[in-house]
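# Chain and residue survey
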Amino acid sequence: MISLSALHTFGFNTFAKSVKRVDSLSTLYALAQQNIPNVILGEGSNTVFTEDYYGVIWQNCLSGITFTEDSDFHYITAASGENWHQLVSKCVSLSIGGFENLALIPGTVGAAPIQNIGAYGVEISSFISEVEYFDFQDKTLKTINAYNCQFGYRDSIFKHELRDVAFITKVMFSLPKRYEFVTHYGELSELENPSIDSIYEAVIRVRKNKLPDPHQVGNAGSFFKNPVVPLEVFESIQIQFPDIPHYPISDKYIKIPAAWLIDTLGFKGTIEDGIQCHPQQALVLTNYNNGTGRSLLNFANIIKSAVKAQFGIVLEHEVQLLGQTERIVL
């Protein structure tokens, strides 16, 4: 058995029977012939092994990045195993703008379209043109355009129709050379004469101040999604909590920060059986003191139940939770 403590950022000392490196398409084709339970793993920053995993882990190690351009766009093709933040940093060093708001998001390039990663007013779907993936059903490479990826808030077709069907191999990006910086969100609004570099540096500074480093304290970043609720639900909550922060999504739907809901109920900083609700960011649960997968699931359910009881909102977990052979849904 192989310890998984270094393969997922929560750091639970769980084990797996087998871990296989996918560093070429030929390796991927060979592994696809095996009819056994498996999970695709990038850097483990959005996956928690809550107990020993009895299938095979395919660790994505595909690499390679190409840059081209024309008069209007920069075009980037990146292998799915590349580190996301390193790609952002490379673009900033080349004065290629667009990704700077997404700096320091942990994980691989391949995870970006699955999660439709986003931060500080920007979602990666704005820049994706196509995604190449290996189809496990017919064992061929396919390409899907951005429109058909069905991107939504922290969502995509790769979480639904193509879940357990697709192994993303490459992501193709188109970044316009003329665009407006997005600085209306949070601390970025304080920037004077924003630039690619100043936004990049500010995002890194804010994230480091607010979020725990998984190398020091085990965590998987934001544990819950920010809920999007109908306008009437928001207005009923606002009657009791006039200062509730909110972000209109449309005329009918409002996004509410999950961290505010959790903090309002007094969970920030609390510890349950080795798991802590982070004292600076209530959306993050951490492996504070030799916690276990079971204690994490228990504490997450306590928070989820309390939010539902007080606000009538059912929180969804953003993190992929894995049991012995399959995903766990709270």
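Above this text you will find the structure in question.
The following paragraphs examine the structure supplied in this document. (Residues numbered from 1 in each chain as written. Predicted model: local features only at pLDDT ≥ 70, side-chain atom pairs only at ≥ 80, totals over all residues. Heavy atoms only, no water.)

### Description of the pairing of strand 7 (residues 73-79)
- Of the strand pairs in this sheet, strand 6 (residues 65-69) and strand 7 are connected by 5 bridges, and their pairing is antiparallel. Across the sheet, residue Phe 67 finds its bridge partner in strand 7, namely Ile 76.
- As paired strands, strand 7 and strand 12 (residues 166-176) are joined by 7 bridges and run antiparallel to one another. From the neighbouring strand, Thr 77 faces strand 12, where its bridge partner is Met 172. (Pairing = 2+ DSSP bridges. Helix = DSSP H or I, 4+ residues; strand = E, 2+ residues; numbered from the N terminus.)

### Some points on the nonpolar core
- In this structure, Trp 84, Leu 87, Phe 99, Ile 124, Phe 158 and Phe 173 are the most contacted members of the largest nonpolar core, which totals 42 residues.
- Counting residues per element, this core draws most heavily on helix 4 (residues 196-210), at 7 residues.
- Ignoring anything within four residues of it in the chain, the contact list for Trp 84 reads Phe 99, Leu 102, Ile 105, Gly 107, Thr 108, Val 109, Ala 112, Ile 117, Ile 124 and Phe 173.
- Among the nonpolar cores identified, the runner-up in size contains 34 residues, and Ala 259, Leu 261, Leu 285 and Leu 296 belong to it. (Core = buried A, V, L, I, M, F, W, Y, C linked by side-chain atoms within 4.5 Å. Buried < 20%, exposed > 50% of the residue type's maximum accessible area, 1.4 Å probe, protein only. Contact = heavy atoms within 4.5 Å.)

### Brief notes about the pattern of salt bridges
- Scanning the entire structure with this criterion turns up 9 salt bridges.
- Bridged by salt links that share partners, the residues Asp 135, Asp 138 and Lys 142 form one connected network. (Salt bridge = Lys/Arg side-chain N within 4 Å of Asp/Glu carboxyl O.)

### Brief notes about the packing of aromatic side chains
- Under the defined criterion, the tally for this structure stands at 19 aromatic pairs.
- Each ring, one from Tyr 29 and one from Phe 134, has its centre 4.8 Å from the other, and the planes form 85°; the classification is edge-to-face. Residue Tyr 29 is located in helix 1 (residues 25-32), and its partner Phe 134 is located in strand 10 (residues 128-135); the two are separated by 105 residues in the primary sequence.
- Judged by its relative accessible area of 0%, Phe 134 falls in the buried class.
- Directly above the aromatic system of Tyr 54 lies the positively charged group of Lys 17, at a separation of 5.8 Å from the ring centroid. (Phe/Tyr/Trp six-rings, centres within 6.5 Å; stacked < 30°, edge-to-face > 60°. Lys NZ or Arg CZ within 6 Å of the ring centre and 35° of its normal.)

### Topic: the side chain of Asn 226
- If you trace the backbone, Asn 226 turns up in the loop between strand 13 (218-222) and strand 14 (228-230).
- At 2.8 Å, the side chain of Asn 226 forms a polar contact with the backbone nitrogen of Ala 258. (Polar contact = N/O pair within 3.5 Å; in protein donor to acceptor, adjacent residues only side chain to side chain.)

### Some thoughts on the sheet that holds strand 19 (residues 284-287)
- Here 4 strands make up an open sheet; going across it, the order is 13-19-18-17 and the pairing antiparallel. Two strands close off the open sheet at either side, each with one partner strand: strand 13 and strand 17 (271-272).
- Note: strand 18 (residues 275-277) against strand 19, 3 bridges, orientation antiparallel. What sits directly across from Gln 276, in strand 19, is Thr 286.
- Of the strands in this sheet, strand 17, strand 18 and strand 19 are in contact with helix 7 (residues 293-311), which crosses strand 18 at around 30°. (Axes fitted to C-alpha atoms, helices over the stretch in contact; angles between N-to-C directions.)

### Notes on the packing of helix 2 (residues 84-93) against helix 4
- For the pair helix 2 and helix 4, interaxial distance at closest approach is 10 Å and the crossing angle is 150°. On the basis of their axis angle, the class for helix 2 and helix 4 is roughly antiparallel. Where helix 2 crosses over helix 4, the two elements pack in a sense that is left-handed. Here His 85, Val 88, Ser 89 and Val 92 of helix 2 lie close against helix 4, whose contacting residues are Ile 196, Asp 197, Tyr 200 and Ile 204.
- Looking at the contact of helix 2 with helix 4 residue by residue, the classes come out as 5 nonpolar, 2 polar and 1 charged. (Parallel < 35°, antiparallel > 145°, perpendicular 65-115°, else oblique. Left-handed = near helix turned anticlockwise from the far one by under 90°. Nonpolar A, V, L, I, M, F, W, Y, C, P; charged D, E, K, R; others polar.)

### Quick look at helix 4
- For helix 4, with 15 residues, the first-to-last C-alpha span of 21 Å sits near the 21 Å given by 1.5 Å per residue.
- Those residues of helix 4 lying buried are Ile 196, Ser 198, Ile 199, Tyr 200, Ala 202, Val 203, Ile 204, Val 206 and Arg 207.
- Next to the buried residues of helix 4 lie helix 2 and strand 8 (118-119). (Expected span 1.5 Å × (residues − 1).)

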